[in-house]
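So you can see what is in the structure, the chains are spelled out below.
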Amino acid sequence: MKDRITGAKALMRALQAEGVKTIFGYPGGSIMPVYDALFDYTRGEKKCFDHILVRHEQGATHAAEGYARVSGEVGVALVTSGPGVTNTLTGIADAMLDSTPIVVIAGQVAISALGTDAFQEVDLVGVSQPISKWSYQIRCAEDVAWAVSRAFYIARSGRPGPVVLDFARNAQVEEIDWEPKKVDFVRSYVPNPKVDDAAVREAATLINNAQHPLALVGQGVELGNAQEELKTFLEKADIPAGRTMLGLSALPSNHPLNVGMLGMHGNYAVNLKEQECDVLIAIGMRFSDRVTGNVSTYAKQAKIIHLDIDQSEIDKNVKTTVAVVADCKESLPAITALLNKNEHKAWRESFKELDEKELVKVIEPAIHPQSGPLLMGEVVHAVAEQAADDAILVTDVGQNQLFATRYFKYHHKRSICTSGGLGTMGYGMPAAIGATFAAPDRQVVCFMGDGGFQMCIEELGTIMEQKSPVKMILLNNHYLGNVRQWQDMFWMRRKSFTKMMNPCYELIAQGYGIPYQAVTDRKELAAAVEKMLTTDGPFILECAIKEDDDVLPMTPPGMNVNDMMLEV
């Protein structure tokens, strides 16, 4: 006898076949048949999923992103049609720019009602296609198993990214004979290009002949699980390496070849040395404008080798000398095998004078101030000093993100979740929730400004219900701090609508039953951090920050990398 089930139940089986364990979602009318089927799969003997009820659909996508970034698996969000799914679009775009594998499954009106402006009807495929790897409408129950398998294959393979499934209501309730499907091939889609041996040889020759090589390490190393291959490559040829913001945990902070963070607010030496190196090896990074500054003057003296899985990134922003288009887990060992054991001691030593200059002018004043209000850098440093070695840093967007990424320490792979390409305020708290489900045994610390905190404040309800052990550090300066800094520096100090009137966060924490402490005096900081980190479950630590605390160094927008400023 054939196993006859509804399309909604077929979705449950298809998700089970993909190894899904956690779903972040919010129910509604057009997805109700799926939620009814989900009921049996989240309890009792049949349980195979944890469903996390978020408080806003954007929170579902960011939580799925945090889950994916930390676990290396595909994150899943489940929402209804209309405003339910349009609320996910920011998270989908965020995942697209940051190469994060998520699958968003949304309800849709029945096929018979499409085009009639039915209640909560929206052309999801049309609006999501430009910001996703694949967007598809499931119009009949027979398509469910195939569409889900294809969605997960596309989301996780090659350069990862978001996939959207628009699930018509009639397809959810129709009955079919269940037949599992497995998609591992899509015509014209080549997720893992074959390593070009000639390009590998050319790259190895350039590196062997280099006097001043410099590697730029991006998130592609994390996505390809090539952290060990990276270390072997760098150590054999003795190549100093800078890391992009999303690639910070691909190489431990204390590795002797780590020379800091790249970018507009990165470390001084590595940014200036991009303009001095003779061979620049970009590994799984996309030459963002926040890294290159004025691209017309960027690294013009260098031969550029670009390792990336995505052909479309080659020569998109920076012209390369040699491109090795492949998964870096394959391309790095192939190049390493052809490298000479080398030493570049004098070149590495040349970074130290610039590092010392940044230490004296920027870092020490930021993390060890002698007087005045609390600074963001010292709060981040205080947390980093006490956090577990495998702690996961999650940030929102703004000054909190820039200070946190600069001064946190990374000892373990997949230890950072932050919104890089889209710069999404409100990302932090839900992404941290997702991180706690991806790695329940690891500490999750989330830095937020008062602006970003209020953009996702409703997710405190999710934290309350799930008892998610998110350690929230609220850096409160009563400003939209990053915009305020730019207004001060480039807009004649005309602070147009960046000052914020804030609520009483203690009362808010009390309302959600979340432990809370405020710090205004640096003498109390270390003890407060200890209390936060040792308290079971979630915690909110509010720190009163100097209002005009600026992130430095800084390469002014549109300027050359070597115009980086150490002081205002």
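Quick caveat, the model's predicted, so the values are computed rather than measured.

**Q** Tell me about the side chain of Gln 399, and name the residues and values.
**A** With respect to the helices and strands, Gln 399 occurs in helix α17 (residues 399-407). Among the polar contacts listed, one links the side chain of Gln 399 to the side chain of Asn 477, at a separation of 3.4 Å. A polar side-chain atom of Gln 399 sits 2.8 Å from the main-chain carbonyl oxygen of Asp 549. Contacts of Gln 399, omitting those with residues within four sequence positions, involve Met 376, Asn 477, Gly 481, Asn 482, Arg 484, Gln 485, Asp 549, Asp 550 and Val 551.

**Q** Would you mind going over the nonpolar core in detail, with residue names and values included?
**A** Core analysis: the biggest nonpolar cluster contains 68 residues, and Leu 280, Phe 408, Phe 447 and Cys 543 have the highest contact counts within it. In contact with Phe 447, other than residues within four places in its own chain, are Val 379, Val 380, Val 383, Leu 393, Val 394, Thr 395, Asp 396, Asn 400, Ala 404, Phe 408, Ile 473 and Leu 475. Ranked by size, the runner-up nonpolar core spans 41 residues in total, among them Ala 37, Ile 105, Ala 151 and Trp 178.

**Q** Could you give an account of the packing of aromatic side chains, with specific residues and numbers?
**A** Scanning the entire structure with this criterion turns up 13 aromatic pairs. Summarising the aromatic geometry, the rings of Phe 24 and Phe 437 are spaced 6.1 Å apart at their centres and angled 75 degrees between planes, so their arrangement reads as edge-to-face. Of the two residues, Phe 24 sits in strand β2 (residues 22-25) while Phe 437 sits in helix α18 (residues 428-438), which places them 413 residues apart along the sequence. Look at Phe 24 and you get buried, because its relative accessible area is 0%. For Phe 437, a relative accessible area of 23% gives the class partly exposed. For the ring pair Phe 287 and Tyr 298, a centre distance of 6.1 Å and an interplane angle of 70 degrees mean the geometry is edge-to-face. You can see Phe 287 sitting in the loop between β12 (279-283) and α13 (289-292) and its partner Tyr 298 sitting in the loop between α13 and β13 (303-308), a full 11 residues away along the chain. Of the aromatic side chains, those joined through ring pairs into one cluster are Phe 24, Tyr 67 and Phe 437. Over the aromatic face of Phe 39 sits the side chain of Arg 43, whose NZ or CZ is 3.8 Å from the ring centroid. A cation sits over an aromatic face here: Lys 273 above Phe 351, 5.6 Å from the ring centre.

**Q** Quick one: what's the story with the pattern of salt bridges, residue by residue and with numbers?
**A** Taken as a whole and assessed by the stated rule, the structure comprises 26 salt bridges. One salt bridge in this structure joins Glu 465 and Arg 55, with 2.7 Å as the shortest N-O distance. Here Arg 55 lies in the loop between β3 (50-53) and α3 (57-71) and Glu 465 lies in helix α20 (residues 460-466), a separation of 410 residues in the sequence. Glu 465 sits in the partly exposed class, given a relative accessible area of 41%. A relative accessible area of 25% means that Arg 55 is categorised as partly exposed. The residue Arg 493 makes a salt bridge to Asp 488 at a minimum N-O spacing of 3.6 Å. The class of Arg 493 is exposed, set by a relative accessible area of 54%.

**Q** Which residues make up the sheet that holds strand β16 (residues 416-417), and what values go with them?
**A** Taken in spatial order, the 6 strands make up an open sheet running β16-β15-β17-β18-β20-β19, and their pairing is parallel. With partners counted over all chains shown, the strands left at the sheet margins are β16 and β19 (516-519), one partner each. Looking at chain direction, strand β17 (residues 444-449) and strand β18 (residues 470-476) are connected through 6 bridges and run parallel. Paired with Cys 446 across the bridge in β18 is Met 472.

Criteria and cut-off values
Residues numbered from 1 in each chain as written. Predicted model: local features only at pLDDT ≥ 70, side-chain atom pairs only at ≥ 80, totals over all residues. Heavy atoms only, no water. Helix = DSSP H or I, 4+ residues; strand = E, 2+ residues; numbered from the N terminus. Polar contact = N/O pair within 3.5 Å; in protein donor to acceptor, adjacent residues only side chain to side chain. Contact = heavy atoms within 4.5 Å. Core = buried A, V, L, I, M, F, W, Y, C linked by side-chain atoms within 4.5 Å. Buried < 20%, exposed > 50% of the residue type's maximum accessible area, 1.4 Å probe, protein only. Phe/Tyr/Trp six-rings, centres within 6.5 Å; stacked < 30°, edge-to-face > 60°. Lys NZ or Arg CZ within 6 Å of the ring centre and 35° of its normal. Salt bridge = Lys/Arg side-chain N within 4 Å of Asp/Glu carboxyl O. Pairing = 2+ DSSP bridges.

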